[in-house]
Amino acid sequence: SFIEAGLGFFLLPFTDTVGSPQNVFHGILALSFLGVFIGLCMPKNEALEIIWCHYVSSIIGYTYFVCWSACFYPRIILNF
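What you see is a predicted model; the values in this text were computed from it and never measured.

A. View of the overall build of the protein. Along the protein, the regular secondary structure elements total 4 helices and 0 strands. A buried classification covers 15% of the 80 residues belonging to the protein. Look at the contacts in the protein between residues 6 or more apart in sequence, and 35% of them connect residues 24 or more apart. Here the protein displays about 6,400 Å² of accessible surface, and carbon together with sulfur accounts for 75% of that area.

As structure tokens, then:
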């Protein structure tokens, strides 16, 4: 189904044991989509004067946060 395919796409980086370039690309893409989604949903920085900067700043910030947070999980999983 559509939901299972979507979950498979987002869980692929965590279930991949080969590390193929395609799976790595899917993982980066999934993290980027998650960062954009969170950036659009969370409150924006109202101190910025230009309206579109509110969204760009939020999207870049949350995408960076999600990617930075996820980069530590492979080491934890490998050490477990």
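From this point, the narrative continues.
B. Looking closely at a nonpolar patch on the surface. A contiguous nonpolar patch, built from V36, L40, I51 and Y55 and spanning about 370 Å² of accessible area, is present on the exposed surface. Elements that contribute at least two residues to the nonpolar patch include exactly α2 (21-41) and α3 (51-70). Structurally, V36 can be placed in helix α2. For V36, a relative accessible area of 30% translates into the label partly exposed.

C. Spotlight on α3. The end-to-end C-alpha distance of α3 is 29 Å, a good match for the 28 Å that 20 residues give at a rise of 1.5 Å each. When we look at burial in α3, the residues that qualify are H54, S58, T63, V66 and A70. The buried residues of α3 occupy an angular sector of 140 degrees when the element is viewed end-on, so they sit on one face. Among the exposed residues of α3, those oriented more than 90 degrees off its buried face are I60 and Y64.

D. Region of interest: α2. For α2, which comprises 21 residues, the first-to-last C-alpha distance of 30 Å matches the rise-based estimate of 30 Å (1.5 Å per residue) to within 8%. All buried positions along α2 are accounted for by N23, H26, G27, A30, G35 and G39.

E. Spatial organisation of the environment of S69. By the element assignment, S69 lies in helix α3. Owing to a relative accessible area of 23%, S69 belongs among the partly exposed residues under this scheme. Within the structure, the side chain of S69 is placed 2.8 Å from the backbone oxygen of F65, a separation counted as a polar contact.

Thresholds, definitions, all that
- Residues numbered from 1 in each chain as written.
- Predicted model: local features only at pLDDT ≥ 70, side-chain atom pairs only at ≥ 80, totals over all residues.
- Heavy atoms only, no water.
- Helix = DSSP H or I, 4+ residues; strand = E, 2+ residues; numbered from the N terminus.
- Buried < 20%, exposed > 50% of the residue type's maximum accessible area, 1.4 Å probe, protein only.
- Contact = heavy atoms within 4.5 Å.
- Areas by Shrake-Rupley, 256 points an atom, 1.4 Å probe, with all protein chains shown as cover.
- Patch = residues over 30% accessible without salt bridge, like charges linked within 9 Å, V, L, I, M, F, W, Y side chains within 5 Å.
- Salt bridge = Lys/Arg side-chain N within 4 Å of Asp/Glu carboxyl O.
- Expected span 1.5 Å × (residues − 1).
- Arc of directions from axis to C-beta.
- Polar contact = N/O pair within 3.5 Å; in protein donor to acceptor, adjacent residues only side chain to side chain.

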